[in-house]
Amino acid sequence: MELTVREALNQAMSEEMRRDKDVFLIGEEVAQYDGAYKVSQGMLKEFGPKRVIDTPITEEGFTGLGIGAAMAGLRPIVEWMTLNFSLMAIDQVINNAAKTRYMSGGQFAFPIVFRGPNGPAEFLAAQHSQALQSLFAHIPGLKVCAPSTPADAKGMLKSAIRDDNPVIFLEAEMMYSWKGEVPDEEYLVRLGEAAVRAEGQDVTIAGFSKPMRNILEAAEALEKRGISCEVIDIRSIRPLDEETIFSSVKKTNRIVVVDEAWPFASVGSHISHLVTTNCFDYLDAPPGLVAMEDVPMPYNREMEKQVCISTDKIVKAAESVLYL
């Protein structure tokens, strides 16, 4: 069936809540308002206010409540209205969620999912246009996922809810209305596995989340000029499927990494390091990196376009590693 990302996420949570009575959803506006982005539409009516729980505007408080519930054996889904607001709860995530299983010697499982939109949308200015994946991926003990299709959004969220470790599940505001085919039958998408979206011989282009649409557009434009692109959807940032990336680079001998975040100490720059270290003898050019410009996001729309990732920037990066 064809679903939007919004509908796919709703199905994933609803199916898991029907399957397991210990799963519940908590966050700002998730219940009576059906979610700030309508991801939880209809869930209050089906599951009631004890399992779909509205909170005050207190990210540190309800994030800590979810962490305590996970320690007690429940399986909470904590929705941050945006990942920008997760910064209010960062101590809870880094010092409690990420470390308690390790510090308890494995006595605690830690089945909790933190989810919400990450990265820039439009006209949101500097404080609401941040892509924070590298912050969370930096922390041992956290898994970090960023799907780009409705099918992956559903299958990976179901896997995240069933996982006994804390998972940061990155969505994107502009993706919620994207449509795609989703299997009718029950399925899971394993965390830690990348997907090859297109096979090619000349250059690898790897990325995740919303920029995948730009990557596929760039690959199509390059294909018309006789340049064959292999497209890797990383989708699981941590654990990272290094082998799929390395295998592709060993075939194409070139890579462009696309990461909708600032370039310094980013996921994209780390992948570039991994490729350089592990595929040095196969590379015919240094890895290319397409990232946000290294500035706070401007509010002006034309300036915003200059700062953000674009299809044209990816095409030019591919041309650069191909020495065109």
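Placed above this text is the structure.
Residues numbered from 1 in each chain as written. Predicted model: local features only at pLDDT ≥ 70, side-chain atom pairs only at ≥ 80, totals over all residues. Heavy atoms only, no water.

1. Remarks on the nonpolar core
In terms of nonpolar packing, the biggest core is built from 42 residues, with Trp80, Phe114, Phe136, Ile168, Ile237, Ile245 and Val275 touching the most fellow members. Aside from chain neighbours lying at most four places away, what touches phenylalanine 136 is Trp80, Leu83, Ser86, Ile90, Val93, Leu142, Val144 and Ile168. Grouped together as the second largest cluster of nonpolar side chains are 33 residues, Leu9, Phe47, Val52 and Ala172 included. (Core = buried A, V, L, I, M, F, W, Y, C linked by side-chain atoms within 4.5 Å. Buried < 20%, exposed > 50% of the residue type's maximum accessible area, 1.4 Å probe, protein only. Contact = heavy atoms within 4.5 Å.)

2. Focus: the sheet that holds strand β14 (residues 288–291)
Pairing is mixed in the open sheet, where five strands are placed in the order β9-β11-β10-β13-β14. The open sheet has two edge strands with one neighbour each: β9 (195–198) and β14. Adjacent strand axes in the sheet meet at a mean angle of 25°, parallel and antiparallel pairs treated alike. Pairing of strand β10 (residues 203–207) with strand β13 (residues 255–259), which is carried by three bridges, proceeds in the parallel orientation. What sits directly across from threonine 204, in β13, is isoleucine 255. On the sheet, helix α9 (residues 242–252) packs against β9, β10, β11 (229–233) and β13 and is oriented at approximately 170° with respect to β11. Against the sheet, helix α12 (residues 311–321) makes contact with β10, β13 and β14, and its axis sits at roughly 155° relative to β13, the strand it touches most. (Pairing = 2+ DSSP bridges. Helix = DSSP H or I, 4+ residues; strand = E, 2+ residues; numbered from the N terminus. Axes fitted to C-alpha atoms, helices over the stretch in contact; angles between N-to-C directions.)

3. A closer look at the packing of helix α3 (residues 59–71) against helix α4 (residues 90–97)
Contact geometry of α3 with α4 gives a least axis separation of 8 Å together with a crossing angle of 25°. Considering their axes alone, α3 and α4 lie roughly parallel with respect to each other. Helix-helix and strand crossings are classified by hand; for α3 and α4 the assignment is right-handed. Mapping the contact onto sequence places Glu60, Thr63, Gly64 and Ile67 in α3 and Gln92, Val93, Asn96 and Ala97 in α4. Grouping the constituent residues of the contact of α3 with α4 by class yields three nonpolar, four polar and one charged. (Parallel < 35°, antiparallel > 145°, perpendicular 65-115°, else oblique. Left-handed = near helix turned anticlockwise from the far one by under 90°. Nonpolar A, V, L, I, M, F, W, Y, C, P; charged D, E, K, R; others polar.)

4. Examining the sheet that holds strand β7 (residues 167–171)
Strand order in the open sheet made by the seven strands is β3-β2-β4-β5-β7-β6-β12, with mixed pairing throughout. Of all the strands in the sheet, the pair left with one neighbour each is β3 (52–54) and β12 (236–238). Direction aside, neighbouring strands of the sheet carry axes that sit 20° apart on average. Sheet analysis places strand β5 (residues 113–117) next to β7, joined by five bridges and oriented parallel.

5. Side note on the pattern of salt bridges
Close approach of charged atoms allows side chains with opposite charge to pair. In this structure the tally under the stated criterion is 26 salt bridges. One salt bridge connects lysine 158 with glutamate 15, and the closest N-O pair in it is separated by 2.9 Å. Of the two residues, lysine 158 is situated in helix α7 (residues 150–162) and glutamate 15 in helix α1 (residues 5–19); the sequence distance between them amounts to 143 residues. When its relative accessible area of 1% is taken as the criterion, lysine 158 is described as buried. Taking relative accessible area as the criterion, glutamate 15 reaches 22% and is therefore assigned partly exposed. The partner of glutamate 171 in a salt bridge is arginine 115, and the shortest N-O contact between them spans 2.7 Å. Taken as a pair, glutamate 171 in strand β7 and arginine 115 in strand β5 lie far apart in primary sequence, 56 residues in all. On the basis of relative accessibility, which here comes to 1%, the residue arginine 115 falls in the buried class. Counted as one network, the salt bridges with shared partners bring together Glu15, Glu16, Arg19, Lys154, Lys158, Arg162 and Glu186. (Salt bridge = Lys/Arg side-chain N within 4 Å of Asp/Glu carboxyl O.)

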